[in-house]
Amino acid sequence: MKMKWWQIGSLGIQHVLAMYAGAIVVPLIVGGALHLTSEQLTYLVAIDLLTCGIATFLQAWKNKWFGIGLPVMLGCTFTAVGPMIAIGGQYGMPAVYGAILCAGAVVVLISPYFGKLRTLFPPVVTGSVVTVIGLTLIPAAVNNMAGGQGAKDFGDPANLALSFGVLAIIIVLYRCFKGFIRSIAILLGMAAGTAAAAMMGKVDWTAVAEASWVHWPQPFYFGAPSFHGPAVFTMVLVAIVSLVESTGVYFALSDICRRRLTDDDLAGGYRAEGLAIIIGGLLNAFPYTTYSQNVGLVQLSGVKTRSVIYAAAAFLVLLGFVPKIAAVATIIPAPVLGGAMLAMFGMVIAYGVKMLGQVDLTVQENLLIIACSVGVGLGVTAVPNLFAELPTGLRILTDSGIVAGSMTAIILNAVFHFGKARKAATLPLQEQKIS
């Protein structure tokens, strides 16, 4: 059945709303941790929305050179949050974007061959990595719930009421609704929490008042990129982990759309993600990856046409050109953001556990890989001075629990499973499903 323009538009807006919370939360977390000004934070949110739209268009438009040609949305990856904060804190924002540019270039270069490298990242590795990501981000959520680290009213009962109120709203929406309302539960929770905070006098509208209505992207907004070996290595690792997660999304969508993916299809998808990461580096945005939450919308709505995805991409680009709208996201109080972050980061942990459910846990080597990688990742997060005496160049790799845990999982998987035809170690990637 041919859809009318307003039907395509409304379905496109639904896709935008489903991924909007994730798209704006990442710049808010990174910008807050790196102490960006309200003007810089507004730019970061606006340029991120714009680049999400460009990245989505590149992926949906299948051609000879790039694109998977499936109804897939792209957004900034949560995997990059911890590493970007660590790199920015040690080397500054230019180093973050130098690392992102290099990571994008590496992804483009390896795109024809990555299908063969997937054996390096079976579910026992990717599941451990995703679980570590969620665990290491929880402290940031809890700090925000109390009012934000260093806040004068840290732990104030009003802050706790706001944060747990937001969490309660999200839970109620998940319990009482299905489909579209459930998919935007986090966005609705933050909106309700911000409204309550405004009535309590905890919302500062200055950033919205001062933001312009229209602006143009500024390449290298934070300065010319700088390049540091450990930072580049860290971001390349983040990009590769994101590719592994994206591959699962590709196969999930191919099942829904009843389309068999070829090696050329996968290469086009990987290359599109690499180009999106490069654009993110040039415009001072983020690394980009496929968003699994939008797969659920495709399945629920039954609409598999790419015209809806093109409409969603156009809406994202439009939002990116209007800083006034982007500035609204920057006024969300820390406790409200913290309540939403707890739910989102908790879901990251849950998704990691779900991925580990594909692993044969009767194999002791798999248990040891999970135990050591999660233990190292969480340990470095809990005791950040563990590697304080190491050379500065190495500390960018060891100070991040995500990177330390990821490296542990990759190395131990190689030690235990390389050269062994051990089917129990992992299931084929094609059997991975994303709900």
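Residues numbered from 1 in each chain as written. Predicted model: local features only at pLDDT ≥ 70, side-chain atom pairs only at ≥ 80, totals over all residues. Heavy atoms only, no water.

As annotated in an unreviewed UniProt entry, the protein chain carries the name Xanthine permease and comes from Geobacillus thermocatenulatus. Taken directly from UniProt, the Sequence similarities (unreviewed entry) text for the protein chain runs: "Belongs to the nucleobase:cation symporter-2 (NCS2) (TC 2.A.40) family." (UniProt positions renumbered as here; feature names shortened; annotations may be inferred.)

So, on to the side chain of Ser373. Here Ser373 shows up in helix α17 (residues 364–382). Residue classification places Ser373 among the buried residues on the basis of a relative accessible area of 0%. One polar contact links the side chain of Ser373 to the main-chain carbonyl oxygen of Ile369, over a distance of 2.8 Å. Discounting chain neighbours no more than four positions away, the residues touching Ser373 are Ser128, Val132, Gly405, Thr408 and Ala409. (Helix = DSSP H or I, 4+ residues; strand = E, 2+ residues; numbered from the N terminus. Buried < 20%, exposed > 50% of the residue type's maximum accessible area, 1.4 Å probe, protein only. Polar contact = N/O pair within 3.5 Å; in protein donor to acceptor, adjacent residues only side chain to side chain. Contact = heavy atoms within 4.5 Å.)

Turning our eyes to something else, we now look at the pattern of salt bridges. With the rule as written, the count across this model stands at three salt bridges. Linking Lys62 and Asp265 is a salt bridge whose minimum nitrogen-to-oxygen distance equals 2.8 Å. A residue pair is termed long-range when its members are at least 10 positions apart, and Lys62 in the loop between α2 (38–60) and β1 (74–76) and Asp265 in helix α12 (residues 263–282) qualify at 203 residues. Judged by relative accessible area, Asp265 falls into the buried class, the value being 7%. When salt bridges that share partners are traced, they join Lys62, Arg259 and Asp265 into one network. (Salt bridge = Lys/Arg side-chain N within 4 Å of Asp/Glu carboxyl O.)

Applying the stated criterion across every chain, the model contains nine aromatic pairs. For the pair Tyr43 and Tyr221, a centre-to-centre distance of 3.8 Å together with 10 degrees between the ring planes defines the contact as stacked. Of this pair, Tyr43 sits in helix α2 while Tyr221 sits in the loop between α10 (206–210) and α11 (229–256); the two residues are 178 residues apart in sequence, bridging distant segments of the chain. Ring plane angle 50 degrees and centroid distance 5.5 Å describe the contact between Phe57 and Tyr310, whose orientation is recorded as tilted. Of the two residues, Phe57 sits in helix α2 while Tyr310 sits in helix α14 (residues 306–320), which places them 253 residues apart along the sequence. On the basis of relative accessible area, Phe57 is assigned to the partly exposed category, the value being 37%. Among the aromatic residues, those joined into a ring-pair cluster are Tyr43, Tyr97, Tyr221 and Phe222. (Phe/Tyr/Trp six-rings, centres within 6.5 Å; stacked < 30°, edge-to-face > 60°.)

Relative to the helices and strands, Gly134 resides in helix α6 (residues 123–145). In this structure, Gly134 is in contact with Phe345, Val348 and Ile349, ignoring residues within four places of it in sequence.

Below, the discussion takes up unusual backbone geometry. A positive phi angle, near 60 degrees, is found at His35, a position not held by glycine. For His35, the position within the fold is in the loop between α1 (5–33) and α2. With relative accessibility at 69%, the residue His35 sits in the exposed group. Phi is positive for Asn284, close to 60 degrees, though the residue is something other than glycine.

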